[in-house]
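# Coordinate analysis (summary)
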Amino acid sequence: MGFTQSPPRLENQYVDDRMLRSSLARLLPPPLCERSSGELEHLGELAAGELFTLQQADRVNEPVLTQWDAWGERIDRIELTPLWRRAAGLAAEHGLVATAYDSALGEYARAVQMAKVYLFAASTDMYACPLAMTDGAARTLLTADNRSLIDRAVPRLLSRDPACMWTSGQWMTETTGGSDVGRSETEARCSEDGRWRLWGRKWFTSATTAEMAITLARPVDNPAGSRGLAAFYVETRDAEGRLQGLEVQRLKDKLGTRKVPTAELRLCGVHAIPLAGLDRGTRVIAPMLNVTRLWNSVTALALMRRGIALARVYARQRVVFGARLVDKPLHRTTLGVLQAELEASFQLVFRVVTLLGRVEAGTDADGDVALLRLLTPIVKLLTGKQAVKVLSEVLEAFGGAGYVEDTGLPVLLRDAQVLPIWEGTTNVLSLDVIRALRDSDGLKRLQEEIDRALSGIGDEAWLPLTRMTHAAFDHALAWVSQATPEHLEAGARAFALTLGRATALALLIEHARWEEAVTGDGRAAAAARIFARSGIDLIVDDEEPTSVRRDLEALADDRRHAS
Ligand code: MFK
C-alpha cells in the first residue's frame, strides 16, 4: 500500500479563530463578550464536528419535489435533506434569527447574532438563505408597522422552538428580471369580500418550504413601473397544511446552493395581505433587501474562513518537494494574501453589523443611518466578488484534490459563486451605491468614518498605510464629483470597490492597533500591511474618456467597430 494523504480536519471554529475572538472582544462590552463565548464555542464545536461530518455525509443529497400523490392529487411537497433538517432545528434553538431582536442585548444584538451566523453558515450548506429571508421578513414587517401582521407572524419568525419557528420566503424575481423588479407582471386583485389574491409566475423563489413569504404584485389599476407595485404578505398553506393558491412548477437546476429548494412558482389566486399601502412596494421591501445583503456578506466571510481554515490545515500536513507546504515561501504568500483579504472584509462587515444594531436599537448617532445605507451595498458587492476569488485560490491550494467532488471542496466555490449574483449583482449594487449618494450625505459620513478609524495614530510605521487610505478615498471623491452621468454609471463598480477597500483598510488598521495594544498580537497588523499591497484604489482615470468609452463599446459588442 502506497502513501495516503490524511484529509484536513477542523478545530473548534470559534476557539481556532483569533480574528473573530479579538474582534468580538473589541466590539462587545466585556461581560456580554464573556456571556456569549460559551454558546459561540458550542457553535464552533458543532461547525467543526457534528455538522461538518453530516455535511460530508449529505454531500450528494438534494431536495426532492413531489408534485402529485399516487392518486393524482397535486401536493407539491418538497423533502429537504438531513443536513438542512438538522440545521433548521439548531437555527431555532440557537436563535440565529431571534438573537437580532433580543432587546436585552441592546445595540449589540446584531453583532452577537452575526457571530453565530458566521460560525454556522459554512457547515450548513446555505441554510443561511431561508434564515436571511426570515430575518428580512421580520424586519420588513416591523418597519411597515402593520400591527396585525406583526402580531401574527413576528413571534413565529423569532421563535426559538423548532416546532413553532416559521421561515419566510421572498418572491421578487420574475422572468422579466431579478434586477429590474419594476417590470413585474404578477397581478393583485381585490375580491368583493375585500380579500386580495395574486396571479402570476415567480421565476426564482427562496424557499418554497417556508410558511410565509413577502412578495411584490401590481394591483390591476396601478401604473406600470416599480411605483405601481405593492408589497404583499402571503401564508403559503391553508389550515390543512396544503399549499393555497400556489403551484411549484419545478426546482431550479443551479450551479451551486443545491440544498436550497429554489423553485419556480405559479401564483393562482393565492390569498395575500398588503403590507403597507398599495404602491411603492420596492421601498416597502427595502429593509428585506438590506438585511439579506448583510447576511450575504457574513456568509461570504464564513465561506472564505472555512476555505482558508481547511487550506491551512492541509498546508501543515502536506509534504511536497521535501518540505511541508506551509514551509514553502510561495504557498505561504498565497495563504497570507487570502487571510489578509478576509481580515479586512471581516472588519468592514462587522462595522456594518454594528451600525445596523445601533440603528435598530435606536442608539444610533448622527449619521449612522446614512453610513449604513451607503455601506450595505458596498460590503455586499465587495465580499461577494472576494469570496469567489478566495475560494478559487483555496481549491488551487489543494492541487487536484481541490477539483475532486468527494473531498467536499468544490462545493465551496460553487456556493460562493452565488454571492455576487443573488440579492443584487455587483453592477446593480454599484448603481445602488450611486443611488444612496443621491439620497443621503453618506459620502461625508464615510469620510468621517475613515478619519475616526485613523485618528490619533502617532506611530510613523502606520503612516504609509494611512496615507494610502486617505489618498484612495480622496481620489474616489474627486472622481465622483466630476463624473458625467454616463461616466458615473460606467465607473460605478471601481468607485464602489475603492470606497469599500479604503474603508476596510482603515477599519483593519483601527482593529490592528487595538489588538497589538491589548493582546500584543501583531497578526491583524500584518494583515493590514498585506491587504494594502493588494490594491486599494481601483479607479482608473480616463485621459481621454471618449476614446476609452469607444474602445470599451467595441469590445463589449462585436457588432460595433472601434474607429
Ligand atoms: C446567504 C444569504 C443570502 C440570501 C439569499 C438570497 C436568495 C434570494 C434569491 C433572490 O430572490 S435574488 C433577488 C433579489 N433581488 C434583488 O436584490 C433586486 C435587485 N435590484 C435592485 O436592488 C434594484 O436596485 C431595485 C429593485 C431596488 C430597484 O427598484 P426600483 O423600484 O426600480 O428603483 P427605485 O425607484 O430607485 O427605488 C424605489 C424606492 O426604493 C426608492 O425610494 P423612493 O420611492 O422614496 O424614491 C429607493 O430609494 C428605495 N430603495 C431602493 N433600494 C433601496 C431603497 N431604499 C433603501 N435601501 C435600498 N437598498
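Attention here is on the structure that accompanies the text. (Residues numbered from 1 in each chain as written. Predicted model: local features only at pLDDT ≥ 70, side-chain atom pairs only at ≥ 80, totals over all residues. Heavy atoms only, no water.)

### Things to note about the overall build of the protein
Within the protein, the secondary structure is distributed over 18 helices and eleven strands. Against the globule reference of 24 Å for 563 residues, the protein gives a C-alpha radius of gyration of 24 Å, in line with a compact fold. Counting every position in the protein, which comprises 563 residues, the buried fraction comes to 54%. A sequence separation of at least 24 residues applies to 74% of the contacts in the protein between residues at least 6 apart. (Helix = DSSP H or I, 4+ residues; strand = E, 2+ residues; numbered from the N terminus. Rg over C-alpha atoms; globule rule 2.2 N^0.38 Å. Buried < 20%, exposed > 50% of the residue type's maximum accessible area, 1.4 Å probe, protein only. Contact = heavy atoms within 4.5 Å.)

### Observations concerning the site of the ligand
If you check the shell around the ligand, you find 30 residues, and the closest are Q170, S226, T282, R293 and R435. The separation between an oxygen atom of the ligand and a polar side-chain atom of R283 is 3.0 Å. Considered on its own, the ligand offers 1200 Å² of accessible surface; in the complex 85% of this is hidden by protein. If you list the elements that add at least two residues to the shell around the ligand, you get α6 (128–144), β3 (168–173), α8 (281–317) and α12 (426–439). (Near = heavy atom within 4 Å. Polar contact = N/O pair within 3.5 Å; in protein donor to acceptor, adjacent residues only side chain to side chain. Areas by Shrake-Rupley, 256 points an atom, 1.4 Å probe, with all protein chains shown as cover.)

### What to know about unusual backbone geometry
We note that D76 has phi near 45°; this positive angle belongs to a residue other than glycine. Inspection of the secondary structure assignment puts D76 in strand β2 (residues 74–79). At R280, a position not held by glycine, the phi torsion is positive, near 50°. Secondary-structure assignment places R280 in the loop between β9 (263–274) and α8. The exposure class assigned to R280 is partly exposed, which follows from its relative accessible area of 28%.

### Notes on the nonpolar core
Soluble globular proteins tend to bury their nonpolar side chains together. By size, the foremost hydrophobic cluster in this structure holds 161 residues, and its most contacted members are Y118, F120, L131, L141, M212 and F495. In terms of residues, this core owes the most to one element, α8, which gives 19 residues. Here M212 is in contact with A137, L141, A153, L157, W166, T167, S168, G169, Y233, V234, E235 and T236, once residues within four sequence places are set aside. The next biggest cluster of nonpolar side chains, apart from the first, holds 17 residues, and it includes W196, F232, A263 and A272. (Core = buried A, V, L, I, M, F, W, Y, C linked by side-chain atoms within 4.5 Å.)

### Examining the pairing of strand β1 (residues 64–68)
Sheet topology places β1 next to β2; four bridges connect them, and they run antiparallel. Each bridged residue has a counterpart across the sheet, and for L65 the counterpart in β2 is I78. Hairpin connection from β1 to β2: five residues lie between these consecutive antiparallel strands, with G72 at a positive phi of about 95°. (Pairing = 2+ DSSP bridges.)

### Some points on the side chain of E341
The residue E341 is located in helix α9 (residues 329–361) in this model. Exposure remark for E341: the relative accessible area of 11% places this residue in the buried category. Apart from residues no more than four positions distant in its own chain, E341 is found in contact with Q386, V390, R501, F531 and S534.

### Some thoughts on the pattern of salt bridges
Evaluation of the coordinates by the stated rule reveals 40 salt bridges. Here R139 and E360 are joined by a salt bridge, their closest N and O atoms 2.9 Å apart. Here R139, found in helix α6, pairs with E360, found in helix α9; they are 221 residues apart in sequence, far enough to count as distant. Judged by its relative accessible area of 23%, E360 falls in the partly exposed class. (Salt bridge = Lys/Arg side-chain N within 4 Å of Asp/Glu carboxyl O.)

### Looking at the environment of R237
Topologically, R237 is positioned in the loop between β7 (230–235) and β8 (246–251). Separated by 34 residues in sequence, R237 and H271 place their C-alpha atoms 9.9 Å apart. Residues contacting R237, with those up to four places away along its chain left out, are T208, R242, L243 and Q244. Side-chain polar atoms of R237 contact the backbone oxygen of G241, separated by 3.1 Å.

### Side note on the packing of aromatic side chains
In total, this model carries six aromatic pairs according to the counting rule given. On the basis of an interplanar angle of 75° and a centroid distance of 5.3 Å, the ring pair of Y118 and F346 is categorised as edge-to-face. Here the residue Y118 occupies a position in helix α5 (residues 109–121), and F346 occupies one in helix α9, the gap between them amounting to 228 residues. Residue class for F346 comes out buried when judged on its relative accessible area of 0%. A cation over a ring is seen here: R74 above W68, with NZ or CZ 5.0 Å from the ring centre. In this structure, K252 packs its charged tip against the face of W203, placed 3.6 Å from the ring centre. (Phe/Tyr/Trp six-rings, centres within 6.5 Å; stacked < 30°, edge-to-face > 60°. Lys NZ or Arg CZ within 6 Å of the ring centre and 35° of its normal.)

### A word on empty space enclosed by the protein
Scanning the entire structure with this criterion turns up two cavities of 30 Å³ or more. Considering only enclosed or pocket space, the largest cavity measures out at about 90 Å³ in volume. Classifying every residue of the lining of the largest cavity gives eight nonpolar, three polar and one charged. Roughly 60 Å³ of volume is contained in the second largest cavity. Among the secondary structure elements, those contributing two or more residues to the lining of the second largest cavity are α5 and α8. Per-element accounting of the lining of the second largest cavity gives the leading share, three residues, to α8. In terms of residue class, the lining of the second largest cavity is made up of four nonpolar, one polar and three charged. (1 Å grid on protein atoms, 1.4 Å probe; cavity = no way out; pocket = protein on both sides within 12 Å on 5 of 7 lines; lining within 4 Å. Points joined across faces, edges and corners; volume = space filled by probe spheres on them. Nonpolar A, V, L, I, M, F, W, Y, C, P; charged D, E, K, R; others polar.)

### Remarks on the packing of helix α3 (residues 50–57) against helix α4 (residues 82–93)
One way to put it is that α3 packs onto α4 with a least axis distance of 9 Å and a crossing angle of 155°. Comparing their axes, α4 and α3 come out roughly antiparallel. Here E50, L51, L54 and Q55 of α3 lie close against α4, whose contacting residues are P82, L83, R86 and L90. Of the residues in the contact of α3 with α4, the class split is five nonpolar, one polar and two charged. (Axes fitted to C-alpha atoms, helices over the stretch in contact; angles between N-to-C directions. Parallel < 35°, antiparallel > 145°, perpendicular 65-115°, else oblique.)

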